[in-house]
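Listed below, chain by chain, are the residues.
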Amino acid sequence: MAFASANDRNDLPRLARIDPRQFDVLFSGCKLERYAAGQHLFVQEDAADRIYGVMSGTVEISIYSPGGQKLVANIELQRSLVGEIGALDGRPRTATAICLTACELVSLSRAQLFDRIEKNPSLARAMIELLCARLRWVSGELGDQAFFGIQARLAKRLVFLAGVMADGAGWIPISQSELGDFLGATRESVNKTLNDWRNRQIIAIKRGGLRITDTKALTYIAESQDDD
């Protein structure tokens, strides 16, 4: 399989969603469910019996190794779907989903999901397109792991997070340990890289967050294969 160029990978749909109209059809009539920050929707290897739609809030999708090492696969925001793989194939959950913030969700059982797909065939196409977007995202991540060093991968992740999590002043509420979880890297390697960028005035750092101050420089790093 040939991987796309760096620029192409930056264009991959990090927050894969179905069309808003299809989202409304899928969850029409569903009762709003409220979850507190820190509450799990499901845990990796759980039996899969529901699909969720995010109405508000932020949901983290993580994968855990047998030894307990954590890798954050993605985050899901408003009008994203969560848990569609297990709901579609009926097999155990491939990841853990936890609410990073207070969330409002809607959900369907697996039986309800297939009933709505059968009654609205356009939903089948929407789900196929969503799964293809997820697969493209995974392919891009594999390419990044194989061909890019820690600096490029960290830079790409920060540019992404700034677009979906930053507050009005540009601050991204995330710790260095959490950034390590996103990359499958140690806190020490992330800390070393961030301090270097702070000294070069590419980012600003405060307790529990950071802000990009030189987007052009960080984007250049994100597209560089070498960490030299």
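What counts, and at which threshold
- Residues numbered from 1 in each chain as written.
- Predicted model: local features only at pLDDT ≥ 70, side-chain atom pairs only at ≥ 80, totals over all residues.
- Heavy atoms only, no water.
- Phe/Tyr/Trp six-rings, centres within 6.5 Å; stacked < 30°, edge-to-face > 60°.
- Buried < 20%, exposed > 50% of the residue type's maximum accessible area, 1.4 Å probe, protein only.
- Lys NZ or Arg CZ within 6 Å of the ring centre and 35° of its normal.
- UniProt positions renumbered as here; feature names shortened; annotations may be inferred.
- Helix = DSSP H or I, 4+ residues; strand = E, 2+ residues; numbered from the N terminus.
- Axes fitted to C-alpha atoms, helices over the stretch in contact; angles between N-to-C directions.
- Parallel < 35°, antiparallel > 145°, perpendicular 65-115°, else oblique.
- Contact = heavy atoms within 4.5 Å.
- Nonpolar A, V, L, I, M, F, W, Y, C, P; charged D, E, K, R; others polar.
- Pairing = 2+ DSSP bridges.

For the protein, an unreviewed UniProt entry supplies the name Crp/Fnr family transcriptional regulator and the organism Mesorhizobium waimense.

S.K.: How do you make sense of the packing of aromatic side chains when you look at a structure like this?
M.R.: For any pair of aromatic rings, geometry is given as the distance between the ring centres together with the angle between the planes. Under the defined criterion, the tally for this structure stands at two aromatic pairs. Centre to centre, the rings of Phe-23 and Phe-27 are 5.0 Å apart; their planes meet at 55 degrees, and the pair counts as tilted. Each of the two residues, Phe-23 as well as Phe-27, counts as buried. Above the ring of Phe-42, the side-chain terminus of Arg-93 is found at 3.9 Å from the ring centroid. Positioned above the aromatic ring of Trp-171 is the side chain of Lys-206, whose terminal nitrogen or guanidinium carbon lies 4.5 Å from the ring centre.

S.K.: What is the right way to look at the UniProt feature "domain: HTH crp-type" (unreviewed entry) in the protein in this model?
M.R.: In the numbering used here, UniProt assigns the "domain: HTH crp-type" (unreviewed entry) feature to residues 148–216. This span, residues 148–216, is 57% helix and 14% strand, and a straight line between its end C-alpha atoms measures 18 Å.

S.K.: Sorry if this is basic, but what is going on with the packing of helix H6 (residues 150–165) against helix H8 (residues 187–199) here?
M.R.: Packed helix pairs are characterised by how far apart their axes lie and by the angle those axes make with each other. As a packed pair, H6 and H8 sit with axes 11 Å apart at the nearest point and diverge in direction by 70 degrees. By the angle class used here, H6 and H8 are roughly perpendicular. Mapping the contact onto sequence places Gln-151, Leu-154, Ala-155 and Leu-158 in H6 and Val-190, Thr-193, Leu-194 and Trp-197 in H8. Class assignment for the residues of the contact of H6 with H8 results in six nonpolar, two polar and no charged.

S.K.: Looking at this structure, I do not really get the sheet that holds strand S6 (residues 81–82). What am I missing?
M.R.: In sheet architecture, strand pairing relies on hydrogen bonds along the backbone and comes in two forms, parallel and antiparallel. Reading across the sheet, the four strands line up as S1-S8-S3-S6 and stay open at both edges, with antiparallel pairing between neighbours. Pairing within the sheet leaves two strands with one partner each, and these edge strands are strand S1 (33–35) and S6. Inspection of the sheet shows S1 paired to strand S8 (residues 103–109) by three bridges, in the antiparallel sense. The residue bridging Tyr-35 from the neighbouring strand is Cys-103, located in S8. The sheet strands contacting helix H4 (residues 110–119) are strand S3 (50–56) and S8, and the helix crosses S8 at an angle near 75 degrees.

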